[in-house]
Amino acid sequence: MLNTKINIAGVEFKNPVMTASGTFGSGMEYSEFVDLNTLGAVVTKGVANVPWEGNPTPRVQETYGGMLNAIGLQNPGIDVFIERDIPFLKQYDTKIIVNVCGRSAADYVEVVEKLADQPVDMLEINVSCPNVKHGGIAFGQDPKCLFDITKEIKAKAKQPIIMKLSPNVTDITEMAKAAEAAGSDAISLINTITGMKIDIHKRTFALANKTGGLSGPAIKPIAVRMVYQAAHAVKIPIIGMGGIANAEDAIEFMLAGASGVAVGAMNFVNPYTTAEVVKGIEAYMEQYGIENLRDIIGTV
Amino acid sequence: MEHKKKEAAVVYRQQQIAAGIFDMWIETSIAPQAKPGQFISVYTQDKSALLPRPISICEVDRKNSRLRIVYRVAGKGTAEFAGYKPGQRVDVLGTLGNGFPLEKAKGKKVFLMGGGIGIPPMLELAKEIEGAASVDIIVGYRNNELFLSEDLAKYGQVHVATEDGSAGTKGNVMNAIASEGLEGDVIFACGPMPMLRAIKQYAADKGMEAYISLEERMACGVGACLGCVVKTKEVDHHSHVNNARICTDGPVYAAEDVEI
Ligand SMILES: Cc1cc2nc3c(=O)[nH]c(=O)nc-3n(C[C@H](O)[C@H](O)[C@H](O)COP(=O)(O)OP(=O)(O)OC[C@H]3O[C@@H](n4cnc5c(N)ncnc54)[C@H](O)[C@@H]3O)c2cc1C
Ligand SMILES: Cc1cc2nc3c(=O)[nH]c(=O)nc-3n(C[C@H](O)[C@H](O)[C@H](O)COP(=O)(O)O)c2cc1C
Ligand code: FES
């Protein structure tokens, strides 16, 4: 029997395969393509205390082997989310991880408190989105700020928290350590890398927001490197992401030290990617006679 | 039942029908469910160009399970598609979006308006409109390469405008309406943004209904990424802000509902 179960901060996942926040909605849109019951977890789009309009368009642009996005965390606010999205996800036998965003510590705390009595398994705290001007990025780029906000959220959260780290820093290990020291139960990385594209024909920025977050296969080597470095710096579990397109990519992240793996931009390219990664991991285990998937985590 | 899926379709036929404009029929299991005004996402084989290219459904052959798309070579992806030969694989996701509200045409004098590469979706629409009092098809081109105008003529009275004046009225579709003294009750339109803005204004002035098909950069095509939004007058049902997703709530909107 292949055992693909993974434990992250006391929560047991049937397999390590998750969806990367913001690329899968709350699962509704992709449930037409993928049986959500087969996934380890659905990680939802960032949700704030109140609805956010997001950025002007164009919000997405293709780049070589990847894409830039500057959605600006458009979301309906936590009240609608609790009423609509959580009941939808509860129909499925998969873990629910709610991604939380905010402009201030108070915003995050408000969301976390409203989720306290909800049937969600973990909270992922996005302190690393490069597309929101106020707050957001600052929390995720300064170890002291990251420590403070983590502590504040951890004190109020009923569910285990995952601090989502920004790759837009000089030393990822400092950030990982700050999150761990403040009591974060796990960390996830990487969020998108800040980038820019210029339309040479119109002589203007390709995104209305000028800058955007780079994701997709183009960023995978950076993400694998950062997961590896973080895994050697902290003891808390890591959820790895950045350009995962298939099972081979997912296994690379696990060997580098990730307990969980999330598929992001590649959902857009192949809506069946998550399910195919689950199947491919099982095939890899059979090929190499691996009984317990958890045994390969961080073995390189 | 309508069901979205991604699959490897097969090119049935392809030909160039004007400078830089290609006409491709593909065989795909999603063809029978296609509605006028819906679109498909077409994917390149070039794995450095990952995102889908949204292309409108131009014509549907339900019996043979084929879709026709007509597209302009605009960059890397469409240049790749233009080289496809019959029998070759073409990856598509669909069918996407909501079509034109055909029922609004019943008993009405209808204008179908297409500008440039916004003309293709007008063909299946013209074919499927039923019970209209009259159908005027008003199409704007750059020059006298009047692609699809013969196909359109089978389903209504075609009125042409060209930018260079080489055929029909010189100018755009609005000039054609004026010069030919056309009158209608309801407009269905697809074309460049300046044309859609002019139509929105015209419809408001004349007290007409107008349904316009919008374009935006897309990533997922299925409503998950929130990349392709348009500002709406009312709060949208999904995100509860004034930003609706063109790929799922559109691409066709009542002109008065969107801020363009
Ligand atoms: C709902 C909808 C229906 C469309 N129907 C048609 C049609 O029937 N015929 C036709 O010729 N064109 C149509 N377009 C425009 C078509 O999608 C673009 O011309 C095409 O994506 C360009 O791709 P490329 O690789 O050649 O260009 P590139 O510039 O290399 O494309 C780079 C990226 O930008 C995107 N992109 C570029 N231009 C557009 C655009 N105008 N709209 C949206 N995304 C764009 C591409 O999808 C790709 O992700 C439609 C667009 C939308 C949104
Ligand atoms: C369109 C889009 C929207 C995203 N929205 C969010 C978000 O709301 N919250 C968040 O923490 N990360 C968000 N991300 C980042 C992804 O979750 C992920 O960290 C990143 O894209 C790297 O993974 P990938 O290369 O597989 O896409 C978004 C990414 C994309 C492409
Ligand atoms: S393209 Fe993703 S929501 Fe429309």
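Look up a bit, the structure's there.
The structure presented is a predicted model; accordingly, all values stated were derived computationally and were not measured.

Rules behind the numbers
Residues numbered from 1 in each chain as written. Chains lettered and ligands numbered in written order. Predicted model: local features only at pLDDT ≥ 70, side-chain atom pairs only at ≥ 80, totals over all residues. Heavy atoms only, no water. Helix = DSSP H or I, 4+ residues; strand = E, 2+ residues; numbered from the N terminus. Buried < 20%, exposed > 50% of the residue type's maximum accessible area, 1.4 Å probe, protein only. Pairing = 2+ DSSP bridges. Salt bridge = Lys/Arg side-chain N within 4 Å of Asp/Glu carboxyl O. Core = buried A, V, L, I, M, F, W, Y, C linked by side-chain atoms within 4.5 Å. Domains from an automatic or database assignment. Contact = heavy atoms within 4.5 Å. Buried area = accessible area lost by both parts, 1.4 Å probe. Polar contact = N/O pair within 3.5 Å; in protein donor to acceptor, adjacent residues only side chain to side chain. Nonpolar A, V, L, I, M, F, W, Y, C, P; charged D, E, K, R; others polar. Phe/Tyr/Trp six-rings, centres within 6.5 Å; stacked < 30°, edge-to-face > 60°. Lys NZ or Arg CZ within 6 Å of the ring centre and 35° of its normal. Near = heavy atom within 4 Å. Axes fitted to C-alpha atoms, helices over the stretch in contact; angles between N-to-C directions.

Caption draft 1: Layout of the environment of Val-60 of chain A. One can find Val-60 of chain A in strand β5 (residues 60-63). Remark: the alpha-carbon pair of Val-60 of chain A and Leu-214 of chain A, spanning 154 residues in sequence, is separated by 9.9 Å.

Caption draft 2: Structural context of the pairing of strand β15 (residues 238-241) of chain A. Residue and element names in this part refer to chain A. Neither face of β15 is exposed, since Ile-238 and Gly-240 on one face and Ile-239 and Met-241 on the opposite face are all buried. In terms of strand pairing, strand β10 (residues 186-189) meets β15 through 3 bridges, oriented parallel. Across the sheet, residue Leu-189 finds its bridge partner in β15, namely Gly-240. Across 3 bridges, β15 lies against strand β16 (residues 260-263) in parallel orientation. Bridge pairing in β16 places Gly-240 opposite Val-261.

Caption draft 3: Layout of the pattern of salt bridges. Residues and elements named next belong to chain B. Under the criterion given, the structure shown has 25 salt bridges over all chains. In this structure, Glu-59 and Lys-127 form a salt bridge, with 3.0 Å as the shortest nitrogen-oxygen distance. With a gap of 68 residues between them, Glu-59 in strand β5 (residues 59-61) and Lys-127 in helix α2 (residues 120-128) connect regions that are remote in the sequence. Judged by its relative accessible area of 12%, Glu-59 falls in the buried class. Relative accessible area serves as the criterion here: at 30%, Lys-127 is assigned to the partly exposed category. Counted as one network, the salt bridges with shared partners bring together Asp-23, Glu-59, Arg-62, Arg-68, Glu-124, Lys-127, Glu-128 and Asp-151.

Caption draft 4: Structural detail: the nonpolar core. Ranked by size, the top nonpolar core spans 134 residues in total, and within it Ile-125, Ile-187 and Leu-189 of chain A together with Met-113 and Ile-187 of chain B carry the most contacts. Mapped onto the domain boundaries, this core takes at least three residues apiece from domain 1 (5-96) and domain 2 (102-213) of chain B. When residues no more than four places from it in sequence are discounted, the contact partners of Ile-125 of chain A are Val-100, Tyr-108, Val-112, Ile-153, Ile-161, Ile-162, Met-163 and Lys-164 of chain A. The next biggest cluster of nonpolar side chains, apart from the first, holds 29 residues, and it includes Phe-100, Ile-119, Leu-148 and Val-186 of chain B.

Caption draft 5: Expanded view of the interface of chain B and chain A. Across the boundary between the two partners, chain B contributes 35 residues, which contact 36 residues of chain A. Buried surface at the junction of chain B and chain A, both sides included, amounts to about 2,900 Å², of which 56% is carbon and sulfur. Taken together, chain B and chain A are joined by 3 salt bridges. In this structure, the salt-bridge partner of Glu-62 of chain A is Arg-53 of chain B, at a minimum N-O distance of 2.7 Å. Remark: the boundary between chain B and chain A carries 18 residue pairs in polar contact (both at pLDDT 80 or more). Of all the secondary-structure elements, those providing two or more residues to the side of chain B that touches chain A are β1 (5-18), β14 (229-231) and β15 (243-245) of chain B. Among the residues making up the side of chain B that touches chain A, the classes are represented as 15 nonpolar, 10 polar and 10 charged.

Caption draft 6: Geometry of unusual backbone geometry. For the bond from Leu-189 of chain A to Ile-190 of chain A, the omega torsion is 10°, close enough to zero to count as cis. In this structure, Ile-190 of chain A sits in the loop between β10 and β11 (193-196). Between Gly-250 of chain B and the following residue, Pro-251 of chain B, the backbone shows a cis peptide bond with an omega angle of 0°. With respect to the secondary-structure elements, Pro-251 of chain B resides in the loop between β15 and β16 (252-254). Within the chain, Ala-9 of chain A stands out as a residue other than glycine whose phi angle is a positive 50°. With respect to the helices and strands, Ala-9 of chain A occurs in the loop between β1 (6-8) and β2 (11-13).

Caption draft 7: Focus on the packing of aromatic side chains. Taken as a whole and judged by the stated rule, the model has 11 aromatic pairs over all chains. Consider the rings of Phe-88 of chain A and Tyr-92 of chain A, whose centres lie 5.4 Å apart with planes at 55°: the pair is tilted. On the basis of relative accessibility, which here comes to 21%, the residue Tyr-92 of chain A falls in the partly exposed class. Within the aromatic cluster, the residues linked to one another by ring pairs are Phe-24, Tyr-30, Phe-33 and Tyr-272 of chain A. Above the face of the Tyr-43 of chain B ring, Lys-6 of chain B is positioned so that its terminal group lies 4.0 Å from the ring centre. Sitting over the ring of Tyr-12 of chain B, Arg-66 of chain B keeps its end group 3.5 Å from the ring centre.

Caption draft 8: Expanded view of the site of ligand 1. Neighbouring ligand 1 are 22 residues; Arg-53, Pro-54, Arg-72, Gly-77 and Thr-78 of chain B lie closest to it. More than one chain reaches ligand 1: its neighbouring residues belong to chains A and B. In this structure, an oxygen atom belonging to ligand 1 sits 2.6 Å away from a main-chain N or O atom of Pro-54 of chain B. In this structure, Thr-78 of chain B approaches ligand 1 through a side-chain N or O atom, which is 2.4 Å from an oxygen atom. Those elements that provide at least two residues to the shell around ligand 1 are β4 (53-56), β6 (66-72) and α1 (76-82) of chain B. Here the shell around ligand 1 takes 4 residues from β4 of chain B, the largest share from any one element.

Caption draft 9: Expanded view of the sheet that holds β6 of chain B. All names here are of chain B. Taking strand neighbours across the sheet as the criterion, the 7 strands line up as β4-β3-β7-β1-β2-β6-β5 in an open arrangement whose pairing is antiparallel. For this open sheet the edge positions go to β4 and β5, each flanked by a neighbour on one side alone. Shown here is a sheet whose adjacent strand axes are inclined to one another by a mean of 35°, direction ignored. Inspection of the sheet shows β5 paired to β6 by 3 bridges, in the antiparallel sense. In the strand pairing of β6, Glu-59 is matched with Arg-68.

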